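These are the residues of each chain, in order.
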Amino acid sequence: MIVTEIQDQAIAARMALIVGADRFDRLFRAVRFDEVDGDVLYVYAQDEDAAAEMEDEFALHISIVASKILNRQINVVLVLPRQLMKPQV
């Protein structure tokens, strides 16, 4: 399931409320909540450092927020650097 642009923005907005403006601007800049495969949500961050920190500190928060917005259970959040993102067709 591909996450729509509206769903992507809704997840980002809720995460901004949780992490605060400064941290959101640093970590979640250029984030893309991209695709769900089973119970795994694929997220693309601006770089490797942001991806690692986001996954370590906020994977649980992202899974809870995404589960509510996407209306399906998300048990795993995999955050990857943006350069690994598949080209959109």
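Preceding block: the structure.
What counts as what
- Residues numbered from 1 in each chain as written.
- Predicted model: local features only at pLDDT ≥ 70, side-chain atom pairs only at ≥ 80, totals over all residues.
- Heavy atoms only, no water.
- Axes fitted to C-alpha atoms, helices over the stretch in contact; angles between N-to-C directions.
- Helix = DSSP H or I, 4+ residues; strand = E, 2+ residues; numbered from the N terminus.
- Parallel < 35°, antiparallel > 145°, perpendicular 65-115°, else oblique.
- Left-handed = near helix turned anticlockwise from the far one by under 90°.
- Contact = heavy atoms within 4.5 Å.
- Nonpolar A, V, L, I, M, F, W, Y, C, P; charged D, E, K, R; others polar.
- Phe/Tyr/Trp six-rings, centres within 6.5 Å; stacked < 30°, edge-to-face > 60°.
- Buried < 20%, exposed > 50% of the residue type's maximum accessible area, 1.4 Å probe, protein only.

Novice: Could you give me a rundown of the packing of helix 1 (residues 5-19) against helix 3 (residues 48-70), with the residues and numbers involved?
Specialist: Running from N to C, helix 1 and helix 3 cross one another at 135°; their axes reach a closest spacing of 10 Å. By the angle class used here, helix 1 and helix 3 are oblique. For helix 1 against helix 3, the interelement crossing comes out right-handed. Side by side, helix 1 and helix 3 meet where Gln7, Ala10, Ile11, Arg14, Met15, Ile18 and Val19 of the first sit next to Phe58, His61, Ile62, Val65, Ala66, Ile69 and Leu70 of the second. Split into classes, the residues belonging to the contact of helix 1 with helix 3 amount to 11 nonpolar, two polar and one charged.

Novice: Could you give me a rundown of the packing of aromatic side chains, with the residues and numbers involved?
Specialist: Taken as a whole and assessed by the stated rule, the structure comprises two aromatic pairs. With a centroid separation of 5.3 Å and 5° between ring planes, the pair formed by Phe24 and Phe28 is classed as stacked. Judged by relative accessible area, Phe24 falls into the buried class, the value being 17%. Phe28 sits in the buried class, given a relative accessible area of 2%. Three or more aromatic residues joined by ring pairs form one cluster here, namely Phe24, Phe28 and Phe58.

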